[in-house]
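Letter by letter, the chains look like this.
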Amino acid sequence: MCTVCGCGRARLEHAPGPDHGMGAPAAHDHGGGPVHAHPHAHGDGHDHAHGHSLAGERAHSHADDVIDFGNGVAGVSIAGLSQQRTVSIERDILLNLLSSPGSGKTSLLVRAITDLQDRWPMAVIEGDQQTSNDAERIRRTGAQAVQINTGKGCHLDAHMVGHALEQLPLPRGGVLFIENVGNLVCPAAFDLGEACKVVVLSVTEGEDKPLKYPDMFAAADLMLLNKADLLPHLDFDVDACLAAALRVNPRLQILTVSARTGEGLGAFYAWIEGRAAIASLPVLYPS
């Protein structure tokens, strides 16, 4: 377990396949043997200790249909993803949605998938400490979803995402959303191989939140100020919030939206369209 932020093991609930119903996640035995923990450096000055099966990097029990992950190194190497898979992801468009709990990420995803399902094939990787509630909400839209339960872990890492991708046969040129664990601290530091980080801030939170959690907003490409429909009922200074966000990250793009009314979502969809166009450009390699 991480001695800094409590990151530890994770559960992955498999997407329904031909041999498994939605209520019966797939189970595969990847090797048994005793489990031991050992610390190692992540290159950020922190030592992390993780449990690993002596017979392999992950252990999947048929008894509880759980894949236990050691916390992968999240950086340029994108642990858990092969170079071939990394290139494949980059040719699609992968959006990593981050926020504090209750900002409305899942509601935004449900609305976006409903509105855009005829435009692109879409899939979602859901990250939460427990339950598959959000993945079930996504599946009701008709989109595929895989739930990762992180247990005591406070963020997803590329190792977990790599295994989740094995369960999501997204067609080329599709859009893959990752809804990260609700947390404005740790997820900012972990590269999941995404094309973009999108931070969601709701107007029911403080307008100074970008200053309190600067790493998250500094790492983001886009900020969605959500729940705009509640502004008439709140004492929330939008201008102060936007100024705080741009003070932390002058290149940050910001959109004010409402998942409930649809306000501003057209601009968000146009932003996705632009990113998708970039992702579809040919990849050139040096000879």
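Residues numbered from 1 in each chain as written. Predicted model: local features only at pLDDT ≥ 70, side-chain atom pairs only at ≥ 80, totals over all residues. Heavy atoms only, no water.

Honestly, the overall build of the protein chain in this entry has me stumped. Any pointers?
The helix and strand inventory of the protein chain stands at 8 helices and 12 strands. Evaluated residue by residue, the protein chain yields a buried proportion of 49% over its 287 residues. A fraction of 68% describes how many contacts in the protein chain between residues 6 or more apart in sequence connect residues 24 or more apart. Surface accessibility of the protein chain: about 12900 Å² in total, with carbon and sulfur atoms responsible for 53%. (Helix = DSSP H or I, 4+ residues; strand = E, 2+ residues; numbered from the N terminus. Buried < 20%, exposed > 50% of the residue type's maximum accessible area, 1.4 Å probe, protein only. Contact = heavy atoms within 4.5 Å. Areas by Shrake-Rupley, 256 points an atom, 1.4 Å probe, with all protein chains shown as cover.)

Sorry, what's going on with the side chain of Asp157 here?
Positionally, Asp157 belongs in the loop between strand 8 (144-149) and helix 4 (158-165). Of the residues examined, Asp157 reaches a relative accessible area of 0% and is grouped as buried. Separated by 2.9 Å, the side chain of Asp157 and the backbone nitrogen of Met160 make a polar contact. (Polar contact = N/O pair within 3.5 Å; in protein donor to acceptor, adjacent residues only side chain to side chain.)

What is the right way to look at the packing of helix 2 (residues 105-116) against helix 8 (residues 265-279) in this model?
Working note: a packed helix pair is described by the angle between its axes plus the distance between those axes. Between helix 2 and helix 8, the shortest axis-to-axis distance is 11 Å and the interhelical angle comes to 70°. It follows that helix 2 is roughly perpendicular to helix 8 by the angle criterion. Contacts between helix 2 and helix 8 involve Leu108, Arg111, Ala112, Asp115 and Leu116 from the former and Leu265, Tyr269 and Ile272 from the latter. Residues belonging to the contact of helix 2 with helix 8 are distributed by class as follows: 6 nonpolar, no polar and 2 charged. (Axes fitted to C-alpha atoms, helices over the stretch in contact; angles between N-to-C directions. Parallel < 35°, antiparallel > 145°, perpendicular 65-115°, else oblique. Nonpolar A, V, L, I, M, F, W, Y, C, P; charged D, E, K, R; others polar.)

I'm lost on the pattern of salt bridges in this one. Help?
In the structure shown here, the tally under the stated rule is 8 salt bridges. For Arg251, the salt bridge identified is with Asp221, shortest N-O distance 3.6 Å. Of the two residues, Arg251 sits in the loop between helix 7 (238-248) and strand 12 (253-256) while Asp221 sits in the loop between helix 6 (214-219) and strand 11 (222-226), which places them 30 residues apart along the sequence. The class for Arg251 is partly exposed, based on a relative accessible area of 49%. Given a relative accessible area of 17%, Asp221 falls into the buried group. (Salt bridge = Lys/Arg side-chain N within 4 Å of Asp/Glu carboxyl O.)

What is the right way to look at unusual backbone geometry in this model?
Backbone geometry follows two general trends: most residues other than glycine have a negative phi, and most peptide bonds adopt the trans configuration. Even without being a glycine, Thr131 presents a positive backbone phi close to 75°. With respect to the element layout, Thr131 can be found in the loop between strand 7 (122-128) and helix 3 (133-139). You can call Thr131 partly exposed: its relative accessible area is 39%. Phi angles above zero are rare outside glycine, and Lys227 is one such case at about 65°. The topology assignment puts Lys227 in the loop between strand 11 and helix 7.

Can you walk me through helix 2 in this structure?
An α-helical turn contains 3.6 residues, so any two residues separated by three or four positions project in the same direction. Given a rise of 1.5 Å per residue, 12 residues ought to cover 16 Å, and the 16 Å separating the end C-alpha atoms of helix 2 matches this to within 8%. Looking at helix 2, one finds that the buried residues are Lys105, Thr106, Leu108, Leu109, Ala112, Ile113 and Leu116. Down the axis of helix 2, the buried side of the element spans an arc of 155°, and every buried residue falls inside it. (Expected span 1.5 Å × (residues − 1). Arc of directions from axis to C-beta.)

What is the right way to look at the packing of aromatic side chains in this model?
For any pair of aromatic rings, geometry is given as the distance between the ring centres together with the angle between the planes. Taken as a whole and judged by the stated rule, the model has 2 aromatic pairs. Plain terms: the ring middles of Phe268 and Trp271 are 6.4 Å apart, the flat faces sit at 20° to each other, and that makes the pair stacked. Taken as a pair, Phe268 and Trp271 lie in helix 8 at a separation of 3 residues, close to a single helical turn. Across the pair, exposure class does not vary: Phe268 and Trp271 are buried alike. What links up through ring pairs into an aromatic cluster is the set Phe268, Tyr269 and Trp271. (Phe/Tyr/Trp six-rings, centres within 6.5 Å; stacked < 30°, edge-to-face > 60°.)

Can you help me understand the nonpolar core in this one?
Membership of the largest hydrophobic core comes to 30 residues, with the highest contact counts inside it found for Phe177, Leu224, Phe268, Trp271 and Ile272. Elements with a minimum of two residues in this core: strand 6 (93-99), helix 2, strand 7, helix 3, strand 9 (175-179), strand 10 (196-202), strand 11 and helix 8. By residue number, the principal contributor to this core is helix 8, which donates 6 residues. (Core = buried A, V, L, I, M, F, W, Y, C linked by side-chain atoms within 4.5 Å.)

I'm lost on the environment of Ala245 in this one. Help?
Assignment of secondary structure puts Ala245 in helix 7. Placed 22 residues apart in sequence, Ala245 and Met223 show a C-alpha to C-alpha distance of 8.5 Å. Leave out the neighbours within four places in its chain, and Ala245 touches Pro210, Met223, Leu252 and Ile254.

Would you explain the environment of Gly206 in this entry?
Looking at the secondary structure, you find Gly206 in the loop between strand 10 and helix 5 (209-212). In this structure the C-alpha to C-alpha distance between Gly206 and Asp235, which are 29 residues apart in sequence, comes to 9.7 Å.

Can you help me understand helix 4 in this one?
Burial analysis of helix 4 places 8 of its 8 residues in the buried class, the great majority of the element. Listed as buried for helix 4 are Ala158, His159, Met160, Val161, Gly162, His163, Ala164 and Leu165. Among the residues of helix 4, the N-terminal cap falls to Asp157, whose side-chain oxygen and the backbone nitrogen of His159 are separated by 3.0 Å.

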